[in-house]
Amino acid sequence: MLDLAISIGEYSKNTVIIETNCGVELKAPDWPHDCEFQIVAFDPDDESCEVVGADTLAEDICRALLALDRAAVLKGRKPDWYRRLQQCARGASLQ
């Protein structure tokens, strides 16, 4: 799951406690200390999460859409979810 999160405390020297927009508290060992909020990816059954940079997420979405296009998986008009993902990937620089 993806959600926006803020830091609410410190678990240990290298691990921050965060709270997501949906009220879930998790440990974030890779939380950057110079920001207020980040996008996090997590399994609702786990107690920790991974910080995901918006630029990295956009690049990943762009790569996934390119793979779908190359495999010609979707025929005809693209579904709404595909168009939403296209909008998320706009401006992504693939290196």
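To keep things clear, this report deals only with the structure shown in the data block. Just so we're clear, the structure is a prediction, and the values are computed from it rather than from any experiment.

### What to know about the side chain of T20
Right, on to step 1. Among the secondary structure elements, T20 is positioned in strand β2 (residues 15–20).
Right, on to step 2. Judged by relative accessible area, which is 4%, T20 ranks as buried.
Right, on to step 3. Looking at T20, its side chain comes within polar contact range of the side chain of D3, at 3.4 Å.
Right, on to step 4. Contacts of T20, omitting those with residues within four sequence positions, involve D3, L4, A5, L26, V40 and F42.

### Digging into the packing of helix α1 (residues 54–71) against helix α2 (residues 80–89)
Right, on to step 1. Remark: α1 packs on α2, axes separated minimally by 8 Å, with the N-to-C direction vectors making an angle of 135°. Viewed along their axes, α1 and α2 adopt a mutual orientation that is oblique. Judged by the twist between their axes, the crossing of α1 over α2 is left-handed. Contacts from A58, I61, C62, L65, L68 and D69 in α1 reach W81, Y82, L85, Q86, C88 and A89 in α2.
Right, on to step 2. Grouping the amino acids of the contact of α1 with α2 by side-chain chemistry returns 10 nonpolar, one polar and one charged.

### Side note on the environment of E25
Right, on to step 1. Position of E25 relative to the elements: it lies in strand β3 (residues 25–28).
Right, on to step 2. Owing to a relative accessible area of 52%, E25 belongs among the exposed residues under this scheme.
Right, on to step 3. Each C-alpha atom of the pair E25 and C49 lies 9.6 Å from the other, and the pair is 24 residues apart in sequence.
Right, on to step 4. When residues no more than four places from it in sequence are discounted, the contact partners of E25 are I8, I17, I18 and E19.

### What about the packing of aromatic side chains?
Right, on to step 1. Within this structure, the stated rule accounts for one aromatic pair.
Right, on to step 2. A centroid spacing of 6.1 Å and a plane angle of 70° characterise the contact between W81 and Y82, whose relative ring orientation is edge-to-face.
Right, on to step 3. For W81, a relative accessible area of 40% puts it in the partly exposed group.

### What to know about the sheet that holds strand β5 (residues 50–52)
Right, on to step 1. Taking strand neighbours across the sheet as the criterion, the five strands line up as β3-β2-β1-β4-β5 in an open arrangement whose pairing is antiparallel. Bordering the open sheet on either side are β3 and β5, each of which pairs with just one other strand. The sheet shows a mean angle of 55° between the axes of neighbouring strands, taken without regard to direction.
Right, on to step 2. Here β2 pairs with β3 via four bridges, running antiparallel.

Analysis parameters
- Residues numbered from 1 in each chain as written.
- Predicted model: local features only at pLDDT ≥ 70, side-chain atom pairs only at ≥ 80, totals over all residues.
- Heavy atoms only, no water.
- Helix = DSSP H or I, 4+ residues; strand = E, 2+ residues; numbered from the N terminus.
- Buried < 20%, exposed > 50% of the residue type's maximum accessible area, 1.4 Å probe, protein only.
- Polar contact = N/O pair within 3.5 Å; in protein donor to acceptor, adjacent residues only side chain to side chain.
- Contact = heavy atoms within 4.5 Å.
- Axes fitted to C-alpha atoms, helices over the stretch in contact; angles between N-to-C directions.
- Parallel < 35°, antiparallel > 145°, perpendicular 65-115°, else oblique.
- Left-handed = near helix turned anticlockwise from the far one by under 90°.
- Nonpolar A, V, L, I, M, F, W, Y, C, P; charged D, E, K, R; others polar.
- Phe/Tyr/Trp six-rings, centres within 6.5 Å; stacked < 30°, edge-to-face > 60°.
- Pairing = 2+ DSSP bridges.

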